[in-house]
Every structure is written in structure tokens, then in C-alpha cells.
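# Structure assessment
So the chains spell out like this:
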Amino acid sequence: MLRGASVSLVLAYRRLAALCPVLGLTVAAPGGAAGQDWVDGARLAYDASARQSWLAAEADRIRAAYGVAARGDVVASRALHGYLWSAGLLMSGPWYLERRVPRLRPADVRLGPDGTLRVAPGAFACLPGDRAAGSAEAVVLDCEEDLRAELRQAVADHVRPLLTALRPHLRRGTRALWGMVGDDLVSGLWHLGRALGEEERGADLAARLLPGPLSPFPGGAGFRRLPDDHPGPERLTRTRIGCCMHYTVCPAETCSTCPRLRTARPAAVAAPAGG
């Protein structure tokens, strides 16, 4: 049975799941077991065996989907990319939809063997006018900027152990890794805005969240408007700070926001988080 903080967040997560079906999201009771063959973010960060199994599964997924044996650093990059996009959206999504920032521990984010995702929410931050502000699990902040700072901190605290654990598997420096975190945080908000039919608002919220370099994030959202004759549905684009390495797996699916492109012209976009 869900209660406490989960009740305050469950409707936001149900709405997020409907808007972003690629997440395969369900809500779990806080403190419950992850489930057979599931792995949580804490095990990925601190259990070498679980981490190796996760990376092996990603290598198998790439081989099955694209018929290639990806390099080890590419496998780790793609696995991390997927986790960052999903975990970031689990925190930024309720902020977008309800102005609530969940404080998710790595153990609260669980990955299923079939690519599904489960979240076990606990405490959260909100603003004084929130109807849930009086609940025991709520941390009430003074203003919107405080809430944005809380979201940046929540994301950074959540992903830091996994970045440390995966560093030996990646040919990346600290700046590139945190650039990847910021890219996926921005991308998730942009994706949610498009799902709601409000791309401009999603991009604006992302730009307010990351207006420029804010430690540990090395850069901002940096959206640009596409030409009026652009054939796709998107009206905006940006250039990622770091490359997600998908081009090494399938060059024909280079992300439209890839920093390797001199211009951010639309191309076949890598799913789920290429934008």
C-alpha cells in the first residue's frame, strides 16, 4: 500500500508514465524489495557483479538491435545514458507537472530485466502553496529558484556514485561525464514538453534549470530556434555538451543534437534519449 510521500507523488508519476511510455514506469512502495531479476541504482553503483551483468545485458541489446559488437566504453556510455535520462526524468518530471522535487536515493530507482522502470519515492521538496506542503515527508522551500537548486542537487547526489563506479569503463573525464548528466536532464524535460504539446515551455523550464554552467554541470540548456521551413515537428534544437556515442553503433542514426555535427540539422534520432 502506498502512503506518505508516495501518495503525494503517485499521481504525478502515473501521469508521467502515460506521457512517456518509453520509461515503462510503475510506482513501488517505499522500502519494498526490488523484485527478482531487478537491479537498483545502488547495486549498479556499489556491486561490481551487478554492474557487470548490467553492462553485459546492454552489450547484448546493442548486438541484437544493430548487429554489432560495441566497444566496452561505448556499451558503458549507452547504459549510463539510458539510466541518466530515466532517473533524471523521475526527478524533473514531478517538478514539471506538480512543482515537487523527489529526493530519490539510488536504491529507489529500479530497472527490470525487460527494460521497465520502477520508482519507490520518499521525501520531496515543494513550495509553500502546495497542498502537500503540510505532510511529514515534505520539505518546504521559499521560492522557485530554491526548488530549481534542489532539483539540480537531487540529480547530482543521485548519479554521483554511479558516475564514480563507471569511470573505469569510460574514456571520459569528469567534465564530459557531468556534461552527459546535464544533457540528459535537459533532454528529459524537452521530451516531456513535446509529449504535452508544449515544446517551448519544456525548453524554457530546462533553460531556467540550467541557464549556464552551474557546478557540477559544465553547461546550460542552450536551445536555438530552427528555421521556419524546418520539416519536422520540433521548433527548437540544441547541441549536446557531450557525445552519447550512439554514432559508433549506428552512424545513420546520429543524434540531431550531436556535438560532432557542425550544425544541428535533424537526423534519425537515437531512442529513447537522443534529443
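Above this text you will find the structure in question.
I will try to describe carefully the structure that is included in this document. Bear in mind the structure is a predicted one, so any value in this text is a computation, not a measurement. (Residues numbered from 1 in each chain as written. Predicted model: local features only at pLDDT ≥ 70, side-chain atom pairs only at ≥ 80, totals over all residues. Heavy atoms only, no water.)

Tallied over the entire structure, the rule returns two aromatic pairs. On the numbers, 6.0 Å between centres and 90 degrees between planes, the contact of Trp178 with Phe217 is edge-to-face. Residue Trp178 is found in helix α6 (residues 174–195), and its partner Phe217 is found in the loop between α7 (199–209) and β8 (224–225); the two are separated by 39 residues along the sequence. Geometrically, the ring pair formed by Trp190 and Phe223 is edge-to-face, given 5.0 Å between the ring centres and 80 degrees between the ring planes. A residue pair is termed long-range when its members are at least 10 positions apart, and Trp190 in helix α6 and Phe223 in the loop between α7 and β8 qualify at 33 residues. What makes Trp190 buried here is its relative accessible area of 3%. Over the face of the ring belonging to Trp95 we find Arg99, whose NZ or CZ atom lies 5.1 Å from the ring centre. (Phe/Tyr/Trp six-rings, centres within 6.5 Å; stacked < 30°, edge-to-face > 60°. Helix = DSSP H or I, 4+ residues; strand = E, 2+ residues; numbered from the N terminus. Buried < 20%, exposed > 50% of the residue type's maximum accessible area, 1.4 Å probe, protein only. Lys NZ or Arg CZ within 6 Å of the ring centre and 35° of its normal.)

Now for the pattern of salt bridges. According to the stated counting rule, one finds 20 salt bridges in the structure shown. A salt bridge links Glu144 to Arg99; the shortest N-O distance between them is 3.2 Å. One end of the pair, Glu144, is in helix α5 (residues 144–166); the other, Arg99, is in the loop between α4 (72–98) and β3 (101–102), and 45 residues separate them in sequence. For Glu144, a relative accessible area of 31% corresponds to the partly exposed category. The salt bridge partner of Asp157 is Arg103, with a shortest N-O separation of 2.8 Å. (Salt bridge = Lys/Arg side-chain N within 4 Å of Asp/Glu carboxyl O.)

Between the first and last C-alpha of α6 there are 32 Å, a value that for 22 residues agrees with the 32 Å anticipated at 1.5 Å per step. For α6, a buried count of 16 out of 22 residues is recorded, marking the element as mostly surrounded by other parts of the structure. Downstream of α6 by one or two residues, Gly197 has phi in the positive range, about 75 degrees. (Expected span 1.5 Å × (residues − 1).)

Glancing now at the layout of surface pockets. Taken as a whole, the largest pocket encloses approximately 850 Å³ of empty space. Lining the largest pocket are 31 residues, and of these Trp54, Glu58, Arg61, Leu111 and Gly115 lie nearest its centre. The element best represented in the lining of the largest pocket is helix α3 (residues 48–66), accounting for eight residues. Counted by class, the lining of the largest pocket contains 18 nonpolar, eight polar and five charged residues. (1 Å grid on protein atoms, 1.4 Å probe; cavity = no way out; pocket = protein on both sides within 12 Å on 5 of 7 lines; lining within 4 Å. Points joined across faces, edges and corners; volume = space filled by probe spheres on them. Nonpolar A, V, L, I, M, F, W, Y, C, P; charged D, E, K, R; others polar.)

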